[in-house]
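Architecture at a glance
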Amino acid sequence: MPKPFKPSVTLTDNDVTDESIYFNRRTLLKSMGFIGASTLLANSASAAGWFGDDKEDTPSRTQPLDFTQPAKYQIEETRTPQHKVTTYNNFYEFGTSKDAPAKRASEFQTTPWTLTVDGMVKNPITLDHNALTTRFPLEERIYRLRCVEAWSMVIPWVGFELASLIKQADPLMSAKYVAFETLYDPKQMPGQRNRFTGGGIDYPYVEGLRLDEAMHPLTLLSVGLYGKTLPPQNGAPIRLVVPWKYGFKSIKSIVRITLTDKQPPTTWNRLASNEYGFYANVNPKVSHPRWSQASERRITSGGLLTRNRIATQMFNGYDEVAPLYANMDLTRFY
Ligand code: MTE
(Lines give C-alpha, C1' and ligand atoms only; values in the text may rest on other atoms or scores of the structure.)
Protein backbone atom coordinates (compact mmCIF):
# COMPACT_ATOMS: atom_id res chain seq x y z
CA MET A 1 0.00 0.00 0.00
CA PRO A 2 1.37 3.47 -0.81
CA LYS A 3 2.58 5.49 2.11
CA PRO A 4 -0.25 7.76 3.31
CA PHE A 5 0.03 11.15 1.72
CA LYS A 6 0.38 13.91 4.30
CA PRO A 7 -3.03 15.54 4.12
CA SER A 8 -3.02 18.96 2.53
CA VAL A 9 -6.04 19.73 4.64
CA THR A 10 -6.17 18.19 8.07
CA LEU A 11 -8.50 19.63 10.63
CA THR A 12 -6.80 22.78 11.78
CA ASP A 13 -7.21 25.40 14.47
CA ASN A 14 -9.25 27.42 11.98
CA ASP A 15 -11.87 24.73 11.99
CA VAL A 16 -12.35 25.17 15.70
CA THR A 17 -12.63 28.95 15.53
CA ASP A 18 -16.07 30.31 16.35
CA GLU A 19 -17.76 31.69 13.25
CA SER A 20 -18.61 34.76 15.31
CA ILE A 21 -14.91 35.44 15.73
CA TYR A 22 -14.36 34.78 12.05
CA PHE A 23 -17.09 37.16 10.94
CA ASN A 24 -16.03 39.78 13.48
CA ARG A 25 -12.56 39.58 12.05
CA ARG A 26 -13.95 40.13 8.57
CA THR A 27 -15.95 43.14 9.74
CA LEU A 28 -12.82 44.56 11.30
CA LEU A 29 -10.78 43.99 8.16
CA LYS A 30 -13.48 45.61 6.05
CA SER A 31 -13.60 48.66 8.31
CA MET A 32 -9.86 48.92 7.85
CA GLY A 33 -10.31 48.72 4.07
CA PHE A 34 -8.62 45.35 3.60
CA ILE A 35 -11.61 43.55 2.13
CA GLY A 36 -13.31 45.03 -0.89
CA ALA A 37 -17.04 45.07 -1.47
CA SER A 38 -16.78 42.30 -4.05
CA THR A 39 -15.16 39.95 -1.59
CA LEU A 40 -17.86 40.59 0.95
CA LEU A 41 -20.56 40.26 -1.67
CA ALA A 42 -19.23 36.87 -2.66
CA ASN A 43 -19.65 35.78 0.92
CA SER A 44 -22.88 37.55 1.66
CA ALA A 45 -25.06 34.77 0.31
CA SER A 46 -23.63 32.20 2.63
CA ALA A 47 -23.54 34.65 5.51
CA ALA A 48 -27.22 35.45 4.98
CA GLY A 49 -27.95 31.75 4.85
CA TRP A 50 -26.13 31.26 8.08
CA PHE A 51 -27.72 33.99 10.08
CA GLY A 52 -31.16 34.25 8.55
CA ASP A 53 -32.88 31.61 10.60
CA ASP A 54 -36.33 32.17 9.25
CA LYS A 55 -35.07 30.68 5.98
CA GLU A 56 -36.72 27.30 5.40
CA ASP A 57 -34.20 25.75 3.07
CA THR A 58 -35.57 22.53 1.69
CA PRO A 59 -33.28 21.25 -1.03
CA SER A 60 -35.43 20.66 -4.08
CA ARG A 61 -34.18 17.14 -4.77
CA THR A 62 -35.33 15.70 -1.44
CA GLN A 63 -38.59 13.74 -1.11
CA PRO A 64 -40.88 13.39 1.92
CA LEU A 65 -40.36 10.13 3.83
CA ASP A 66 -42.93 7.99 5.53
CA PHE A 67 -41.84 7.23 9.09
CA THR A 68 -44.49 5.87 11.37
CA GLN A 69 -42.39 4.00 13.92
CA PRO A 70 -42.48 5.62 17.35
CA ALA A 71 -39.17 7.39 17.94
CA LYS A 72 -37.02 5.68 20.54
CA TYR A 73 -34.57 8.54 21.01
CA GLN A 74 -35.42 12.20 21.30
CA ILE A 75 -33.65 15.02 23.08
CA GLU A 76 -34.98 18.29 24.35
CA GLU A 77 -32.21 20.45 22.90
CA THR A 78 -32.82 23.04 20.20
CA ARG A 79 -32.47 21.56 16.73
CA THR A 80 -29.92 23.01 14.39
CA PRO A 81 -31.81 24.85 11.63
CA GLN A 82 -32.15 22.76 8.51
CA HIS A 83 -30.29 25.16 6.25
CA LYS A 84 -27.26 24.99 8.54
CA VAL A 85 -27.36 21.18 8.57
CA THR A 86 -27.37 21.22 4.78
CA THR A 87 -24.83 23.99 4.08
CA TYR A 88 -22.11 23.40 6.69
CA ASN A 89 -20.77 19.96 5.82
CA ASN A 90 -17.76 17.72 5.78
CA PHE A 91 -17.81 15.58 2.65
CA TYR A 92 -14.30 15.71 1.24
CA GLU A 93 -15.31 13.87 -1.93
CA PHE A 94 -16.89 17.21 -2.89
CA GLY A 95 -14.15 19.50 -1.54
CA THR A 96 -12.67 20.43 1.80
CA SER A 97 -14.47 23.68 2.61
CA LYS A 98 -17.70 23.58 4.59
CA ASP A 99 -19.80 25.10 1.82
CA ALA A 100 -18.33 23.01 -1.04
CA PRO A 101 -20.50 19.87 -0.63
CA ALA A 102 -23.81 21.78 -0.87
CA LYS A 103 -22.60 23.52 -4.02
CA ARG A 104 -20.70 20.72 -5.73
CA ALA A 105 -22.88 17.71 -4.84
CA SER A 106 -26.09 19.25 -6.16
CA GLU A 107 -25.99 17.10 -9.32
CA PHE A 108 -24.85 13.92 -7.55
CA GLN A 109 -26.77 10.96 -9.00
CA THR A 110 -27.86 8.35 -6.47
CA THR A 111 -30.02 6.26 -8.79
CA PRO A 112 -29.32 3.51 -9.54
CA TRP A 113 -27.67 2.62 -6.23
CA THR A 114 -26.74 -0.67 -4.64
CA LEU A 115 -25.76 -1.30 -1.06
CA THR A 116 -24.17 -4.71 -0.56
CA VAL A 117 -23.80 -6.52 2.76
CA ASP A 118 -21.21 -9.27 2.44
CA GLY A 119 -18.17 -10.90 4.06
CA MET A 120 -18.64 -13.19 7.07
CA VAL A 121 -22.40 -13.60 6.70
CA LYS A 122 -24.62 -16.57 5.90
CA ASN A 123 -26.98 -14.46 3.84
CA PRO A 124 -25.35 -11.71 1.75
CA ILE A 125 -27.80 -8.92 0.87
CA THR A 126 -28.02 -6.38 -1.94
CA LEU A 127 -30.41 -3.48 -1.52
CA ASP A 128 -31.37 -1.31 -4.47
CA HIS A 129 -32.26 2.37 -4.14
CA ASN A 130 -35.92 1.72 -3.48
CA ALA A 131 -35.20 -0.93 -0.82
CA LEU A 132 -33.15 1.56 1.20
CA THR A 133 -36.32 3.38 2.25
CA THR A 134 -38.85 0.54 2.07
CA ARG A 135 -37.29 -2.66 3.43
CA PHE A 136 -37.19 -1.53 7.06
CA PRO A 137 -39.71 0.62 8.95
CA LEU A 138 -38.30 4.14 9.26
CA GLU A 139 -38.24 6.19 12.45
CA GLU A 140 -37.08 9.65 13.39
CA ARG A 141 -34.15 10.00 15.79
CA ILE A 142 -33.05 13.33 17.14
CA TYR A 143 -29.35 13.01 17.88
CA ARG A 144 -26.44 15.25 18.74
CA LEU A 145 -23.68 15.17 16.12
CA ARG A 146 -20.29 16.11 17.60
CA CYS A 147 -17.54 16.72 15.06
CA VAL A 148 -13.92 16.15 16.07
CA GLU A 149 -13.38 19.80 15.05
CA ALA A 150 -15.28 20.82 18.22
CA TRP A 151 -18.57 21.98 16.70
CA SER A 152 -21.87 20.17 17.14
CA MET A 153 -25.42 20.10 15.82
CA VAL A 154 -28.75 18.56 16.84
CA ILE A 155 -30.23 16.78 13.83
CA PRO A 156 -33.56 14.98 13.33
CA TRP A 157 -32.48 11.98 11.25
CA VAL A 158 -34.80 9.46 9.62
CA GLY A 159 -33.58 5.90 9.29
CA PHE A 160 -33.46 2.39 10.72
CA GLU A 161 -31.16 0.51 13.05
CA LEU A 162 -28.05 -0.92 11.42
CA ALA A 163 -28.71 -3.98 13.60
CA SER A 164 -31.87 -4.81 11.59
CA LEU A 165 -29.87 -5.05 8.37
CA ILE A 166 -26.99 -7.01 9.93
CA LYS A 167 -29.41 -9.49 11.53
CA GLN A 168 -30.96 -10.21 8.11
CA ALA A 169 -27.48 -10.91 6.74
CA ASP A 170 -26.96 -13.41 9.58
CA PRO A 171 -23.32 -12.92 10.64
CA LEU A 172 -21.05 -15.93 11.21
CA MET A 173 -19.86 -16.51 14.79
CA SER A 174 -16.36 -15.54 13.65
CA ALA A 175 -17.41 -12.01 12.54
CA LYS A 176 -16.08 -9.37 14.96
CA TYR A 177 -16.05 -6.09 13.01
CA VAL A 178 -18.04 -4.26 10.38
CA ALA A 179 -16.32 -2.35 7.56
CA PHE A 180 -18.06 0.41 5.58
CA GLU A 181 -17.19 1.91 2.20
CA THR A 182 -18.36 5.07 0.42
CA LEU A 183 -19.00 5.15 -3.33
CA TYR A 184 -15.88 5.52 -5.45
CA ASP A 185 -16.86 7.54 -8.50
CA PRO A 186 -14.28 10.17 -9.48
CA LYS A 187 -16.51 11.31 -12.38
CA GLN A 188 -19.12 12.44 -9.91
CA MET A 189 -16.91 13.20 -6.92
CA PRO A 190 -14.32 15.85 -7.79
CA GLY A 191 -12.37 15.35 -4.55
CA GLN A 192 -11.58 11.78 -5.64
CA ARG A 193 -9.90 13.02 -8.82
CA ASN A 194 -7.20 15.04 -7.12
CA ARG A 195 -5.38 14.39 -3.87
CA PHE A 196 -5.05 18.11 -3.13
CA THR A 197 -8.70 19.04 -3.55
CA GLY A 198 -9.73 15.79 -1.87
CA GLY A 199 -7.79 16.50 1.33
CA GLY A 200 -5.08 13.92 0.64
CA ILE A 201 -7.44 11.04 1.32
CA ASP A 202 -6.81 7.67 -0.31
CA TYR A 203 -10.36 7.06 -1.63
CA PRO A 204 -12.79 5.41 -1.22
CA TYR A 205 -13.53 6.76 2.27
CA VAL A 206 -13.72 3.78 4.63
CA GLU A 207 -14.85 3.35 8.22
CA GLY A 208 -15.36 0.56 10.72
CA LEU A 209 -17.04 -0.45 13.94
CA ARG A 210 -16.73 -3.37 16.30
CA LEU A 211 -19.69 -5.72 15.74
CA ASP A 212 -21.18 -4.97 19.17
CA GLU A 213 -21.01 -1.22 18.44
CA ALA A 214 -22.67 -1.81 15.07
CA MET A 215 -25.45 -3.82 16.73
CA HIS A 216 -26.13 -1.19 19.40
CA PRO A 217 -29.69 0.18 19.06
CA LEU A 218 -28.36 3.77 18.84
CA THR A 219 -26.41 3.00 15.66
CA LEU A 220 -28.49 4.25 12.77
CA LEU A 221 -28.47 3.93 9.01
CA SER A 222 -29.94 7.25 7.99
CA VAL A 223 -31.85 7.80 4.76
CA GLY A 224 -33.19 11.24 5.62
CA LEU A 225 -33.22 14.33 7.80
CA TYR A 226 -35.89 16.83 8.70
CA GLY A 227 -38.52 14.38 7.41
CA LYS A 228 -37.17 14.17 3.85
CA THR A 229 -34.64 12.03 1.99
CA LEU A 230 -31.00 13.00 2.56
CA PRO A 231 -29.64 15.83 0.45
CA PRO A 232 -26.49 14.72 -1.44
CA GLN A 233 -24.20 16.82 0.77
CA ASN A 234 -25.38 14.94 3.87
CA GLY A 235 -24.60 11.52 2.41
CA ALA A 236 -27.46 10.50 0.11
CA PRO A 237 -28.87 7.99 -0.34
CA ILE A 238 -27.74 6.26 2.88
CA ARG A 239 -25.19 7.07 5.58
CA LEU A 240 -24.19 5.88 9.00
CA VAL A 241 -24.93 7.85 12.20
CA VAL A 242 -23.10 6.80 15.38
CA PRO A 243 -24.05 9.55 17.84
CA TRP A 244 -21.57 8.76 20.64
CA LYS A 245 -18.57 8.94 18.30
CA TYR A 246 -16.94 11.85 16.50
CA GLY A 247 -18.70 12.68 13.25
CA PHE A 248 -15.99 11.26 10.98
CA LYS A 249 -17.17 7.74 11.93
CA SER A 250 -20.56 8.55 10.37
CA ILE A 251 -19.59 7.61 6.82
CA LYS A 252 -21.69 8.93 3.95
CA SER A 253 -23.09 7.51 0.68
CA ILE A 254 -22.38 3.87 1.60
CA VAL A 255 -22.16 1.16 -1.08
CA ARG A 256 -20.68 -1.75 0.90
CA ILE A 257 -20.90 -3.13 4.43
CA THR A 258 -18.58 -6.07 5.07
CA LEU A 259 -18.49 -8.31 8.13
CA THR A 260 -14.95 -9.33 9.03
CA ASP A 261 -12.84 -10.83 11.81
CA LYS A 262 -10.14 -8.13 11.58
CA GLN A 263 -10.26 -4.49 12.66
CA PRO A 264 -10.84 -2.66 9.37
CA PRO A 265 -8.74 0.32 8.25
CA THR A 266 -10.42 3.72 8.66
CA THR A 267 -9.76 6.81 6.55
CA TRP A 268 -8.72 9.37 9.17
CA ASN A 269 -6.76 6.86 11.19
CA ARG A 270 -4.76 5.97 8.07
CA LEU A 271 -4.02 9.66 7.47
CA ALA A 272 -2.94 10.58 10.99
CA SER A 273 -3.15 7.76 13.52
CA ASN A 274 -1.91 9.91 16.41
CA GLU A 275 -4.83 12.32 15.86
CA TYR A 276 -7.73 10.02 14.93
CA GLY A 277 -8.22 6.62 16.52
CA PHE A 278 -10.35 3.66 15.46
CA TYR A 279 -12.76 4.13 18.38
CA ALA A 280 -13.19 7.93 18.18
CA ASN A 281 -15.61 8.00 21.10
CA VAL A 282 -16.52 11.55 22.10
CA ASN A 283 -14.41 12.16 25.19
CA PRO A 284 -13.93 15.60 26.78
CA LYS A 285 -10.94 14.29 28.75
CA VAL A 286 -8.88 13.18 25.78
CA SER A 287 -7.66 16.21 23.84
CA HIS A 288 -6.93 16.18 20.17
CA PRO A 289 -3.15 16.78 19.88
CA ARG A 290 -3.87 20.27 18.52
CA TRP A 291 -6.93 21.37 20.51
CA SER A 292 -9.02 20.57 23.57
CA GLN A 293 -12.16 18.46 23.30
CA ALA A 294 -13.56 19.74 26.63
CA SER A 295 -16.11 22.03 24.99
CA GLU A 296 -17.84 22.50 21.66
CA ARG A 297 -19.54 25.19 19.60
CA ARG A 298 -23.20 24.19 19.30
CA ILE A 299 -24.55 25.31 15.97
CA THR A 300 -28.09 26.51 16.55
CA SER A 301 -29.95 29.57 15.44
CA GLY A 302 -27.42 32.00 16.85
CA GLY A 303 -26.51 35.21 15.09
CA LEU A 304 -23.26 37.05 14.75
CA LEU A 305 -22.43 37.44 18.39
CA THR A 306 -23.75 34.14 19.68
CA ARG A 307 -21.01 31.89 20.91
CA ASN A 308 -23.03 28.85 22.06
CA ARG A 309 -20.01 27.25 23.68
CA ILE A 310 -21.11 24.28 25.78
CA ALA A 311 -19.34 21.55 27.73
CA THR A 312 -18.74 18.34 25.81
CA GLN A 313 -20.23 15.25 27.43
CA MET A 314 -18.62 11.82 27.69
CA PHE A 315 -19.93 9.66 24.84
CA ASN A 316 -21.68 12.84 23.63
CA GLY A 317 -24.22 12.29 26.43
CA TYR A 318 -25.12 8.72 25.37
CA ASP A 319 -24.08 7.03 28.64
CA GLU A 320 -25.86 3.80 27.75
CA VAL A 321 -22.92 2.82 25.54
CA ALA A 322 -20.42 2.87 28.44
CA PRO A 323 -20.67 -0.92 29.02
CA LEU A 324 -19.28 -1.47 25.51
CA TYR A 325 -15.98 -0.09 26.79
CA ALA A 326 -15.84 -1.53 30.31
CA ASN A 327 -12.23 -2.23 31.32
CA MET A 328 -10.82 -0.40 28.30
CA ASP A 329 -8.33 2.42 28.73
CA LEU A 330 -10.03 5.09 26.61
CA THR A 331 -6.92 7.28 26.59
CA ARG A 332 -5.14 4.46 24.74
CA PHE A 333 -8.09 3.37 22.63
CA TYR A 334 -9.11 6.89 21.53
N1 MTE B 1 -18.14 10.48 4.83
C2 MTE B 1 -17.45 10.58 3.66
N3 MTE B 1 -17.61 9.64 2.72
N4 MTE B 1 -16.60 11.61 3.42
C5 MTE B 1 -16.35 12.59 4.36
O6 MTE B 1 -15.56 13.52 4.10
N7 MTE B 1 -16.85 13.42 6.62
C8 MTE B 1 -17.18 12.97 7.99
C9 MTE B 1 -18.54 12.27 8.05
N10 MTE B 1 -18.70 11.35 6.95
C11 MTE B 1 -17.05 12.50 5.61
C12 MTE B 1 -17.98 11.44 5.79
C13 MTE B 1 -17.13 14.05 8.98
S14 MTE B 1 -15.58 14.64 9.39
C15 MTE B 1 -18.26 14.53 9.59
S16 MTE B 1 -18.16 15.64 10.87
C17 MTE B 1 -19.60 14.13 9.14
O18 MTE B 1 -19.57 13.27 8.01
C19 MTE B 1 -20.38 15.38 8.75
O20 MTE B 1 -21.71 15.06 8.42
P21 MTE B 1 -22.68 16.23 7.93
O22 MTE B 1 -21.99 16.97 6.83
O23 MTE B 1 -23.95 15.56 7.48
O24 MTE B 1 -22.89 17.13 9.14
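That block above? That's the structure.
The structure reproduced in this document is the subject of the present report. The structure presented is a predicted model; accordingly, all values stated were derived computationally and were not measured.

**Re the site of the ligand**
Taken together, 16 residues sit near the ligand, with Asn89, Tyr92, Glu93, Ser250 and Lys252 positioned nearest. Tyr92 places a main-chain nitrogen or oxygen 2.8 Å from an oxygen atom of the ligand. Between a nitrogen atom of the ligand and a side-chain N or O atom of Thr182, the distance comes to 3.0 Å. In the complex, 99% of the free accessible area of the ligand, which totals 530 Å², lies under the protein chains.

**Re helix H6 (residues 162–169)**
Every α-helical turn comprises 3.6 residues, leaving residues that sit three or four positions apart pointing alike. Within H6 the residues assigned to the buried category are Leu162, Ala163, Leu165, Ile166 and Ala169. Buried residues of H6 fall within an arc of 160° about the axis and therefore sit on the same side. Of the residues flanking the end of H6, it is Asp170, one or two places downstream, whose phi is positive at about 60°.

**A short note on the nonpolar core**
Ranked by internal contacts, the top residues of the largest apolar core, which has 79 residues, are Leu165 and Ile257. Looking at this core, the element that brings in the most residues is strand S4 (residues 151–161), giving 6 residues. The contact partners of Leu165, leaving out residues within four places of it in the chain, are Leu115, Val117, Ile125, Leu127, Phe136, Phe160, Leu221 and Ile257.

Reading the values: the criteria
- Residues numbered from 1 in each chain as written.
- Predicted model: local features only at pLDDT ≥ 70, side-chain atom pairs only at ≥ 80, totals over all residues.
- Heavy atoms only, no water.
- Near = heavy atom within 4 Å.
- Polar contact = N/O pair within 3.5 Å; in protein donor to acceptor, adjacent residues only side chain to side chain.
- Areas by Shrake-Rupley, 256 points an atom, 1.4 Å probe, with all protein chains shown as cover.
- Buried < 20%, exposed > 50% of the residue type's maximum accessible area, 1.4 Å probe, protein only.
- Helix = DSSP H or I, 4+ residues; strand = E, 2+ residues; numbered from the N terminus.
- Arc of directions from axis to C-beta.
- Core = buried A, V, L, I, M, F, W, Y, C linked by side-chain atoms within 4.5 Å.
- Contact = heavy atoms within 4.5 Å.

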